[in-house]
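Understanding the architecture of this molecule
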Protein chains: 2
Amino acid sequence: MDVNRLDFYIGLSLAVSSSLFIGGSFILKKKGLLRLASKGSMRAGQGGYAYLKEWLWWAGLISMGVGEAANFAAYAFAPATLVTPLGALSVLVSAVLSSYFLNERLNVHGKIGCLLCILGSTVMVIHAPQEEEVASLGAMANKLKDPGFIVFAVCVVGSSLVLIFAVAPRFGQKNVLVYILICSVIGSLSVSCVKGLGIGIKQLFAGTAVLKEPLFWSLVICLAVCISVQISYLNKALDIFNTSIVTPIYYVFFTTSVMACSAILFKEWLRMTTDGIVGTVSGFLTIILGIFLLHAFKDITFSRDSLPVYLKRGPQGFPCGQQPYVALPNQDLEG
Amino acid sequence: MDVNRLDFYIGLSLAVSSSLFIGGSFILKKKGLLRLASKGSMRAGQGGYAYLKEWLWWAGLISMGVGEAANFAAYAFAPATLVTPLGALSVLVSAVLSSYFLNERLNVHGKIGCLLCILGSTVMVIHAPQEEEVASLGAMANKLKDPGFIVFAVCVVGSSLVLIFAVAPRFGQKNVLVYILICSVIGSLSVSCVKGLGIGIKQLFAGTAVLKEPLFWSLVICLAVCISVQISYLNKALDIFNTSIVTPIYYVFFTTSVMACSAILFKEWLRMTTDGIVGTVSGFLTIILGIFLLHAFKDITFSRDSLPVYLKRGPQGFPCGQQPYVALPNQDLEG
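Per an unreviewed UniProt entry, chain A goes by the name Magnesium transporter NIPA2 and belongs to Austrofundulus limnaeus. Its UniProt record, at the heading Sequence similarities (unreviewed entry), says of chain A: "Belongs to the NIPA family." Here is the UniProt Subcellular location (unreviewed entry) comment for chain A, exactly as written: "Membrane".

See below:
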């Protein structure tokens, strides 16, 4: 196995384990807060700080940190076109874990959504470009000087300034897309910085004196600025709009914007076959539909009468599709 | 482009156009019957034959015939592992056409289901084995003599005899799986016959005297027997159980059984890469989920209150995701 392919698998494992940690962290935190509530402590929502004494809450925080670090590292090994879409798996992990540990019911849509996320991710992984594009900060600097990327970066900064100062004050409270667009567009720059820093840190471990390079510190500053803007506007969006709307839209916009940026910066699509491109796009669209199903119908309870028979279980608990549709009168199911 | 690849694309086009014709035929027939009903003629359900004078009904019948012929021909050019799953597209075509021409509403689930069928089919097409396995009836005869296939065929015939004579009389009326299993298992043999006959007819056009070969006529007889059994049990299933249950289950069982038979007969999976196998399976599972969504929630009407805001349109007709979730009171949407 050549080094590039090994790198690809390291990056893939980091991205998947990052989703496990991040998805799990939500459950650990919530479990901790619920345990506190059952003990009668003052809840976080009421301004209490008792959660700082709860080890489950800390476990959640640490799990989140480990997850974010793994995600950061994944970008240093595998293409952004692969790592970013796999973020969908953390939504899936948290949905599955909450149905097991928090007894939050996952309805049929949720289950289909989870399956679709897995299928779409699988298809994307098969087709993702396997070559690592940049090996050193010097090579990264060359990529960043490419006219195509400079135009892209100027457009990104320009459009987000327009969004922040002209559009957001007037429409930000009314239209869910405004804040999410700001986060997503800026997010593509963060990922580029993360990618560059990851490569720098890899070089650092290999003994290169990257800390003396100005590019390294420019990337650190740029990343800090981008992430602060992102967090601030994501919080604004979550503050006004429901999580079940913000999460899927943000996933779609953020991932699309990262993939566009990565395509311009690394031109990885040029080296892909038509099949590879079609496969990657199909996988991405499948994940989007999965995320949509997971979220859009989260709070829907179907009335039993409107469900086809094989989706409801009668008193005898017939398994799926095991009973005739017309022969069984409705009262049998309800009684 | 080499001959095998050309064959593959001919088979693919035949399979796709077959789905267009078969999917369209349902709509033409129904449109014809509806037009008759509006003229006040006696309806088919009441024993009338006026539909024989309606050109739309005939167009539907011819369209169905053309579709089945194209499907038959597709098997002669492309692997069964590709042609059979693409049958899903006819379900999609008929769903889309009926929402346009018959004003049958396609709900959100239906739309997502259609998209998933397309995505899954795309992924399957990318990964399907592109080699044509058998070029002549002689080669086909050798494949049929393979011990693996003989064991498979004996199992198929044996298990369907058990199902027909022992299981069906006792459980056929109660369990939807019995009749469908019979059709699906026998269906795998029909497809093998169709494949052999298709190759024979191709040879016939090329000037080979296949009509003198006993194998050709054995395949014709075997196909006639298999198809009569299939049609008879499919009609029984449709008679007792609802179409929206029978169609998806039949699709899944029939396709799986054809793929198993094709794998044993042509061993096409042995020549596939791991990526190809994983991709084919992912695509197939995506189609299954799509078919499920198209059918399972067909008759569900959501109460507007239980839907998230971006799935319902208010009086101002806000496009998807354009309005805040919490800020808008419910009466604005209902008024």
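From this point, things continue past the structure.
Thoughts on the overall build of chain A
Counting its regular elements, chain A contains 12 helices and zero strands. Going residue by residue from the N terminus, the α and β elements of chain A occur as α-α-α-α-α-α-α-α-α-α-α-α. Each of the 335 residues in chain A was classed as buried or not, and the buried ones make up 50%. Contacts in chain A between residues at least 24 apart in sequence constitute 78% of all its contacts with a sequence separation of at least 6.

Comments concerning the state of the cysteines
The tally for this structure, following the rule as stated, stands at zero disulfides over all chains. In this structure A:C155 is a free cysteine whose sulfur lies 12 Å from that of A:C261, the closest cysteine sulfur available. Take A:C155: its relative accessible area is 47%, and that puts it in the partly exposed class. Counting only cysteine sulfurs, B:C117 is the nearest neighbor of B:C114, a cysteine outside any disulfide, at a range of 6.4 Å. Take B:C114: its relative accessible area is 7%, and that puts it in the buried class.

What about the nonpolar core?
In this structure, A:L82 and A:I182 are the most contacted members of the largest nonpolar core, which totals 74 residues. In terms of residues, this core owes the most to one element, helix α8 (residues 176–205) of chain A, which gives 14 residues. Those residues within four positions of A:L82 in sequence are excluded, and the remaining contacts are A:F8, A:L12, A:M124, A:V125 and A:A128. Judged by nonpolar contacts, the second largest core, of 72 residues, contains B:A88, B:V176, B:F241 and B:V246.

So, helix α2 (residues 55–77) of chain B
The terminal C-alpha atoms of α2(B) lie 33 Å apart, and with 23 residues this matches the ideal 33 Å at 1.5 Å per residue to within 8%. Those residues of α2(B) lying buried are B:L56, B:W57, B:G60, B:S63, B:M64, B:G67, B:A70, B:A74, B:Y75, B:A76 and B:F77.

Topic: the packing of aromatic side chains
Residue and element names in this part refer to chain A. Across all of its chains, the model carries 14 aromatic pairs over all chains by this definition. Aromatic pair Y251 and F284: ring centres 6.4 Å apart, planes at 50°, arrangement tilted. Of the two residues, Y251 sits in helix α10 (residues 243–266) while F284 sits in helix α11 (residues 274–296), which places them 33 residues apart along the sequence. For the pair shown, Y251 and F284 are each scored as buried. If you follow K195 out to its NZ or CZ, it ends over the ring of F266, 5.6 Å from the centre.

Re helix α8 (residues 176–205) of chain B
One turn of the α-helix equals 3.6 residues, which is why residues spaced by three or four share an orientation. All names here are of chain B. In this model α8 runs 43 Å from its N-terminal to its C-terminal C-alpha over 30 residues, within 8% of the 44 Å that 1.5 Å per residue would give. G187 marks where α8 bends most, by close to 25°. Most of α8 is tucked away: 24 of the 30 residues are buried. Positive backbone phi, at 100°, marks G207, one or two positions downstream of α8.

So, the side chain of A:S188
On the secondary structure map, A:S188 appears in helix α8. Look at A:S188 and you get buried, because its relative accessible area is 1%.

Things to note about the environment of B:N142
All names here are of chain B. Along the chain, the position of N142 falls in helix α6 (residues 137–144). Take N142: its relative accessible area is 54%, and that puts it in the exposed class. Sequence separation between N142 and I10 is 132 residues; the distance between their C-alpha atoms is 25 Å.

Considering the confidence of the model for chain A
All names here are of chain A. Mean pLDDT for chain A: 79, with 83% of residues reaching 70 or above. Of all secondary-structure elements in chain A, the lowest mean pLDDT belongs to helix α12 (residues 330–334), at 32, while helix α7 (residues 147–171) reaches the highest, 91. Predicted confidence is poor over residues 312–335, with pLDDT under 50, and the contacts of this stretch with residues over four places away or in other chains come to 42 contacts. This complex was scored by the predictor with a pTM of 0.76 and an ipTM of 0.74.

So, the pattern of salt bridges
Residues and elements named next belong to chain A. A complete count under the given rule lists four salt bridges over all chains for this structure. The closest approach of N and O atoms between K202 and D7, which form a salt bridge, is 3.3 Å. With K202 in helix α8 and D7 in helix α1 (residues 3–39), the pair connects residues that are 195 residues apart, well separated along the chain. Given a relative accessible area of 30%, K202 falls into the partly exposed group. For D7, a relative accessible area of 12% gives the class buried.

Considering the packing of helix α2 (residues 55–77) of chain A against α8(A)
Residues and elements named next belong to chain A. Where α2 contacts α8, the two axes come as close as 8 Å, and the packing angle between them is 80°. As far as their axial angle goes, α8 and α2 are roughly perpendicular. Mapping the contact onto sequence places F72, Y75, A76 and F77 in α2 and V191, V194, K195, L197, G198, I199, I201 and K202 in α8.

About the thresholds
- Residues numbered from 1 in each chain as written.
- Chains lettered and ligands numbered in written order.
- Predicted model: local features only at pLDDT ≥ 70, side-chain atom pairs only at ≥ 80, totals over all residues.
- Heavy atoms only, no water.
- UniProt positions renumbered as here; feature names shortened; annotations may be inferred.
- Helix = DSSP H or I, 4+ residues; strand = E, 2+ residues; numbered from the N terminus.
- Buried < 20%, exposed > 50% of the residue type's maximum accessible area, 1.4 Å probe, protein only.
- Contact = heavy atoms within 4.5 Å.
- Disulfide = S-S within 2.5 Å.
- Core = buried A, V, L, I, M, F, W, Y, C linked by side-chain atoms within 4.5 Å.
- Expected span 1.5 Å × (residues − 1).
- Phe/Tyr/Trp six-rings, centres within 6.5 Å; stacked < 30°, edge-to-face > 60°.
- Lys NZ or Arg CZ within 6 Å of the ring centre and 35° of its normal.
- Bend = angle between axes of the 7 residues up to and from the residue.
- pLDDT = per-residue confidence, 0-100.
- Salt bridge = Lys/Arg side-chain N within 4 Å of Asp/Glu carboxyl O.
- Axes fitted to C-alpha atoms, helices over the stretch in contact; angles between N-to-C directions.
- Parallel < 35°, antiparallel > 145°, perpendicular 65-115°, else oblique.

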